[in-house]
Structure formats: structure tokens, C-alpha cells
Amino acid sequence: MEWTDEQIVQRTLNGEVEAFGILVRRWEKKVYGLAYRMLGHYEDARDTTQEIFLTVYRNLRKFRGDAKFSSWLYRIALNCCHNRLRERALQTVPLDESPPVPVDASAHSQVERQQKIERVRRALRALPYEMRQVIIMKEYEGLTFKEIAEILNIPVSTAKTRLYTGLDQLRERLLAVKDAL
Amino acid sequence: MSDHHEQLMEYLYQELSPEEARRFEDHLGTCEMCQKDLADFRRLRQALAAWDVEEVPHISLTIDGSPSRGWLALWRAFPIWMRLVTAAAAAMLVLALFNVQMSYHPQKGFQFSASLWPRAELPGAPQPKPRPVGLTEEQVTALIRTAITQTQRETNEQMAAQLQALAAKLRSENERLLIQMANTLRQEQEERLAELEDQLGQPSTVSTLAELFWEEPNSGY
């Protein structure tokens, strides 16, 4: 039987520190994906992911269990990303950094694919923060509208509205570029 | 934002119940705008899906012990002098909380006693001299009145000094102007006198004072 997130949290709180490693392995890909798409920066996303899990660990006792662990984790993750974006705005660190391109990326189709990804990345980055985070949570994290609403503490209808408006703006930006879609 | 937009979002991400989905499809058959939105957003989702995270970097966390170990790590990060100061402050706080009293007796040595409540002074201990409780209302009024009078006197003195300085300055300026005028007048008189002396030294063409001022009626005409 697989332990639930909440059970692992309890085991960790009972002194079984190694149990927290299970949570990290279980969620690191999702959390890193969220951080990377929110920040658009490879190293920032890696550092922020570490910071997110450390924050979760240090605040485990504050997790009351009245919401799902994943919702609590995503809320912390979004806060950390938001803080990192604010710090970066002050430090004027370059926003654009593509992930390391594989060595065999010279193939035409590969280059073309990278270009499309880059266009999507830029279009997403240009969206207002509130819409971008809903699109990322819905499209890449696969969360339901109810979960998004719970994480952001907004009505479900607002989550849907933000998604529609975000997609609408994304369509305008990407359709303006030939072959972007 | 219409209800159809919200339903469109749920339909796009398959969050409608079968019955709701069927009803929305009925609507789709008659609404070109929703049809276009749906087609565009599906293409958009394909484009978004292309941006996948290929490789997750290794996430390493340095965690030792239970969550409370974080405080221990912070304590260990302090330099030794800061630990000593913090410990002393904490000890004094605890002693103060429990009203700990320490006394020394030559035969008995040091004696400590603690209580949850503040206690009366020890017998024989030097009593602090009672401090003056405060001033009466009349005294306070008198003090305020004296302070106001003092301030008014100082202000008056300052203004008088300023007026005197201004008067002296004006007087000095007037004297300077008067001297300048007198000098100019004297100089003009001296020049005029010199001219007259020159004229007196030359042979006069007039014989009487009247000739000096009145010309002959027929001279030159």
C-alpha cells in the first residue's frame, strides 16, 4: 500500500525524517516544472525548487490537514516563485534562458521545435502573472478548476475566467506570428 | 464573461459531466464564436504541450533531524560570544520571572530564594529613600507661569536688541549721506570761488555792477 502525502507528513513529524524524502521524490518533477515555467530560468527554477521543499519541511507543523497536502505545497511553491520574480526584478537578472539544448539539436525539425517552444515561452511570459499561473497550473500541472481555486483562494468561476482570458490573450499573441501554432 | 466561456473552459479540459457536455455540444452547433474559440484553443493547447520539461535536475536538500533542528542549527551558527550573551539574557529573564532573590551572609554564604509573586523587602535590608511623589497643582501652575514670563521677557529683550541695532544702522547711514552731500557742496563752492577769483584778476570790461548784469540796449543791434 502506498502512503498518502498526509500520512508521510505525519511520519516526518513523528521523527522519521527520511520519510520526507519520499515526498520530495514524489513531487519534485511537478514542483520543478511549475517553477521553471513560472520563472523561465533553468537555474532559478532549480534553486527555487530546493527553497520550496525546505520551506515545506520547516513549516510542516503548520500543515493542519484541512486541505490537501498538494494544495498547500502548490501555495508555498507559488509564493516562492513570486518572491523570486520580485527579487529578480530588483536585481535585473536576465529573464531569458533556455534550458540546455541537446547536442544533436542540429536537425532541422529539432530546431524548428525549439523555435516553437521559445515562442510559446515568450508569449506565456508576456501574460499578466495571475493568468500565467492559472494556465500553467491547468495546462502543465493538470489541476482541476476546484483545486486551482483552492490554491489561489479564489472562486472557481474566477479561475475559469482567468483561464479563458489568458488563453484568449495567448491566442492573440501567437496567432500574430506565422506558423506559431 | 458569459457562462458559455466558463463552460467552454470546462469542456476544453473535460470537466463537464456527460449531461453538461451534451448540452454544451448542442450550443456549439449553433454558436460560431464558441466553435472558433474551441478550435483555436485546441491548437493552442497543442502548442503549449510542446514545452515539456525534459530533465529535472537533482534536488538536494540538507535536512538534519526533526523540523525543530532548524533552531539548533541557527544556535550553532552563532559565534561563542553571542551564545554566551544570549544565554545570560535568557537566565536573567528566567530569574526575573520567578522573583529570585540572592543574599550573602558571612556565616551562611550565598542564599537564593524564588517565588511566583513579588515579596516584601527583607528585614534589615536598606530601604530606598522615598522619592518625592510629585508637585501640587498650584506648584505646577506657578512653574508654568514663571516659564511663560521668562519666555516673554527673553523675547522682548531680543526684539529690543534688534530694534536698537536697526536704529544705529539707520543713523550711521544718514550721517554718511549728510557728509557726502556736504563734501559735494563744499567742492562746488570752492570751484565757483576759484572761477570768481580768476575773473576778478583779469581787466574788467564793465565799470559798474549794473553793467555786469545788464547789457547795453543798443550794443550790437
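## Here's the deal with the overall build of chain A
In step 1: Each helix and strand counted, chain A has eight helices and zero strands in total.
In step 2: Element order for chain A, N to C, with α for helix and β for strand: α-α-α-α-α-α-α-α.
In step 3: Residues counted as buried form 48% of the 181 residues belonging to chain A.
In step 4: Approximately 9100 Å² of chain A is accessible, and the part contributed by carbon and sulfur atoms is 51%.

## Thoughts on unusual backbone geometry
In step 1: For A:Asn153, which is not glycine, the phi dihedral falls at a positive 60°.
In step 2: Topologically, A:Asn153 is positioned in the loop between helix H7 (145-152) and helix H8 (156-175).
In step 3: For B:Gln14, which is not a glycine, the phi torsion comes out positive at approximately 55°.
In step 4: Mapped onto the elements, B:Gln14 comes out in the loop between helix H1 (3-12) and helix H2 (18-28).

## Brief notes about helix H3 (residues 32-49) of chain B
In step 1: Here H3(B) contains 18 residues, and its C-alpha end-to-end distance of 26 Å stays within 8% of the 26 Å for a straight helix at 1.5 Å per residue.
In step 2: Among all positions in H3(B), only B:Cys34, B:Asp37, B:Leu38, B:Asp40, B:Phe41, B:Leu44, B:Ala47 and B:Leu48 are buried.
In step 3: If you follow the buried residues of H3(B), they end up packed against helix H5 (108-126), helix H6 (129-140) and H8 of chain A together with H1 and H2 of chain B.

## Details of a nonpolar patch on the surface
All names here are of chain B.
In step 1: On the surface, Leu-135, Val-140, Leu-143, Ile-144 and Ile-148 cluster together into a nonpolar patch covering about 460 Å² of accessible area.
In step 2: If you trace the backbone, Leu-135 turns up in the loop between strand S2 (109-113) and helix H6 (137-201).
In step 3: Of the residues examined, Leu-135 reaches a relative accessible area of 54% and is grouped as exposed.

## A look at the nonpolar core
In step 1: Core analysis: the largest hydrophobic core is formed by 75 residues, its most contacted members being A:Val56, A:Phe69, A:Leu124, A:Leu167, A:Leu170 and B:Met9.
In step 2: Here the element with the most residues in this core is helix H2 (residues 19-39) of chain A; it accounts for 12 residues.
In step 3: Dropping the residues within four chain positions of it, B:Met9 is found in contact with A:Phe145, A:Lys160, A:Leu163, A:Tyr164, A:Leu167 and B:Phe41.

## What about the interface of chain B and chain A?
In step 1: Every contact between the two is made by 35 residues of chain B and, on the other side, 47 residues of chain A.
In step 2: Buried area between chain B and chain A, summed over both chains or domains, comes out near 3900 Å², and the portion from carbon and sulfur atoms is 69%.
In step 3: Summed over the shared surface of chain B and chain A, the result is six salt bridges.
In step 4: For B:Glu15, the salt bridge is made with A:Lys138, and the minimal N-O distance between the two is 2.2 Å.
In step 5: Where chain B packs against chain A, one counts 13 residue pairs in polar contact (both at pLDDT 80 or more).
In step 6: Mapped by element, the contributors of at least two residues to the side of chain B that touches chain A are H1 and H3 of chain B.
In step 7: A total of nine residues in the side of chain B that touches chain A trace back to one element, the largest contributor, which is H3(B).
In step 8: Among the residues forming the side of chain B that touches chain A, the class breakdown is 18 nonpolar, six polar and 11 charged.

Definitions and limits used
Residues numbered from 1 in each chain as written. Chains lettered and ligands numbered in written order. Predicted model: local features only at pLDDT ≥ 70, side-chain atom pairs only at ≥ 80, totals over all residues. Heavy atoms only, no water. Helix = DSSP H or I, 4+ residues; strand = E, 2+ residues; numbered from the N terminus. Buried < 20%, exposed > 50% of the residue type's maximum accessible area, 1.4 Å probe, protein only. Areas by Shrake-Rupley, 256 points an atom, 1.4 Å probe, with all protein chains shown as cover. Expected span 1.5 Å × (residues − 1). Contact = heavy atoms within 4.5 Å. Patch = residues over 30% accessible without salt bridge, like charges linked within 9 Å, V, L, I, M, F, W, Y side chains within 5 Å. Salt bridge = Lys/Arg side-chain N within 4 Å of Asp/Glu carboxyl O. Core = buried A, V, L, I, M, F, W, Y, C linked by side-chain atoms within 4.5 Å. Buried area = accessible area lost by both parts, 1.4 Å probe. Polar contact = N/O pair within 3.5 Å; in protein donor to acceptor, adjacent residues only side chain to side chain. Nonpolar A, V, L, I, M, F, W, Y, C, P; charged D, E, K, R; others polar.

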